[in-house]
Amino acid sequence: LDLIELRLLLEGEAVRAEFHDRGALDEARAALAVMLEPGIEPAAFHDADVAFHIALAGASGNAAFPLVMTVLRDAIAGYLLGALTALEDPTAVLATLAAEHAAILAAIDGGDSDRAGTLVCSHIWDFYTHELSAP
């Protein structure tokens, strides 16, 4: 739970930043495109998800954010992959996660950094509280 709370602080702040590195956002868009591929396997989705979140952290312009995010993701990434591969049919969950990613990018692109922060925090918290606590 401590690492999740740290992610919420870091990623929430990263997307609320006034400056957004367009190159990093392009990396997030490329990762989202992979996540939206029909029939994507959980392992490929997981890799794209990690890339997406690290790119979001990097979009803030703060060089420390993606470094810390990489360490955090390495520490907790197994939970995501384990949860996705445990699902009998992950299609709906993957589609929901991808739609949430798209909404975060749309908020950033629309200049609504507060909404982007709220969306990224909800996205992280909801996954870990709902998917990982499910039997």
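Everything quoted here is computed from the prediction, not taken from an experiment. (Residues numbered from 1 in each chain as written. Predicted model: local features only at pLDDT ≥ 70, side-chain atom pairs only at ≥ 80, totals over all residues. Heavy atoms only, no water.)

1. Details of the overall build of the chain
Next, step 1: Broken down by element type, the chain carries 6 helices and 0 strands.
Next, step 2: Counting from the amino terminus, helix and strand elements in the chain follow one another as α-α-α-α-α-α.
Next, step 3: Its C-alpha radius of gyration of 14 Å places the chain within 12% of the 14 Å reference for a compact globule of 135 residues.
Next, step 4: For the chain, the C-alpha atoms occupy an extent of roughly 40 × 30 × 20 Å along the three principal directions.
Next, step 5: Residues counted as buried form 44% of the 135 residues belonging to the chain.
Next, step 6: A fraction of 75% describes how many contacts in the chain between residues 6 or more apart in sequence connect residues 24 or more apart.
Next, step 7: Total accessible area on the chain stands at roughly 6,800 Å², and carbon and sulfur atoms take up 59% of it.
Next, step 8: Of the side chains in the chain, 6 bear a positive and 21 a negative charge, and the two mean positions are spaced by 6 Å. (Helix = DSSP H or I, 4+ residues; strand = E, 2+ residues; numbered from the N terminus. Rg over C-alpha atoms; globule rule 2.2 N^0.38 Å. Buried < 20%, exposed > 50% of the residue type's maximum accessible area, 1.4 Å probe, protein only. Contact = heavy atoms within 4.5 Å. Areas by Shrake-Rupley, 256 points an atom, 1.4 Å probe, with all protein chains shown as cover. Lys, Arg positive; Asp, Glu negative; His and termini not counted. Charge placed at Lys NZ, Arg CZ, Asp CG, Glu CD.)

2. A look at the side chain of histidine 53
Next, step 1: Along the polypeptide, histidine 53 turns up in helix H3 (residues 42-58).
Next, step 2: Separated by 3.2 Å, the side chains of histidine 53 and histidine 101 make a polar contact.
Next, step 3: The residues touching histidine 53, leaving out its near neighbours within four places in the chain, are Arg7, Glu11, Met69, Arg73, His101, Val120, His123 and Ile124. (Polar contact = N/O pair within 3.5 Å; in protein donor to acceptor, adjacent residues only side chain to side chain.)

3. Let's talk about the layout of surface pockets
Next, step 1: Taken as a whole, the largest pocket holds about 160 Å³ of empty space.
Next, step 2: Glu37, Gly39, Ile40, Thr91 and Leu94 are, among the 14 residues lining the largest pocket, the residues nearest its centre.
Next, step 3: Grouping the constituent residues of the lining of the largest pocket by class yields 9 nonpolar, 2 polar and 3 charged. (1 Å grid on protein atoms, 1.4 Å probe; cavity = no way out; pocket = protein on both sides within 12 Å on 5 of 7 lines; lining within 4 Å. Points joined across faces, edges and corners; volume = space filled by probe spheres on them. Nonpolar A, V, L, I, M, F, W, Y, C, P; charged D, E, K, R; others polar.)

4. Structural notes on the environment of glycine 39
Next, step 1: By the element assignment, glycine 39 lies in the loop between helix H2 (22-35) and H3.
Next, step 2: Residues glycine 39 and proline 66 lie 27 residues apart in sequence; the distance between their C-alpha atoms is 29 Å.

5. Focus: empty space enclosed by the protein
Next, step 1: For the coordinates displayed, the defined rule picks out 1 cavity of 30 Å³ or more.
Next, step 2: Counted as a void, the largest cavity has a volume near 80 Å³.
Next, step 3: Lining the largest cavity, in full, are Arg7, Asp49, His53, Arg73, Leu80, Leu97, His123, Ile124, Phe127 and Tyr128.
Next, step 4: Counting residues per element, the ones that place at least two in the lining of the largest cavity are H3, helix H4 (64-86) and helix H6 (113-131).
Next, step 5: Of all the elements, H6 adds the most residues to the lining of the largest cavity, at 4 residues.

6. Thoughts on the pattern of salt bridges
Next, step 1: Evaluation of the coordinates by the stated rule reveals 4 salt bridges.
Next, step 2: Between aspartate 26 and arginine 29 there is a salt bridge, with the nearest N and O atoms lying 3.1 Å from each other. With aspartate 26 and arginine 29 both in helix H2, this residue pair falls 3 residues apart, about one helical turn.
Next, step 3: Residue classification places aspartate 26 among the partly exposed residues on the basis of a relative accessible area of 46%.
Next, step 4: Judged by relative accessible area, arginine 29 falls into the partly exposed class, the value being 30%.
Next, step 5: For aspartate 109, the salt bridge is made with arginine 29, and the minimal N-O distance between the two is 2.5 Å. (Salt bridge = Lys/Arg side-chain N within 4 Å of Asp/Glu carboxyl O.)

7. Side note on the packing of aromatic side chains
Next, step 1: As enumerated under the stated definition, the model contains 1 aromatic pair in all.
Next, step 2: Geometrically, the ring pair formed by phenylalanine 127 and tyrosine 128 is edge-to-face, given 5.3 Å between the ring centres and 90° between the ring planes.
Next, step 3: Classification of phenylalanine 127 as buried rests on a relative accessible area of 7%.
Next, step 4: Tyrosine 128 sits in the buried class, given a relative accessible area of 11%. (Phe/Tyr/Trp six-rings, centres within 6.5 Å; stacked < 30°, edge-to-face > 60°.)

Purely geometric stuff here, so don't read any function into it on its own.
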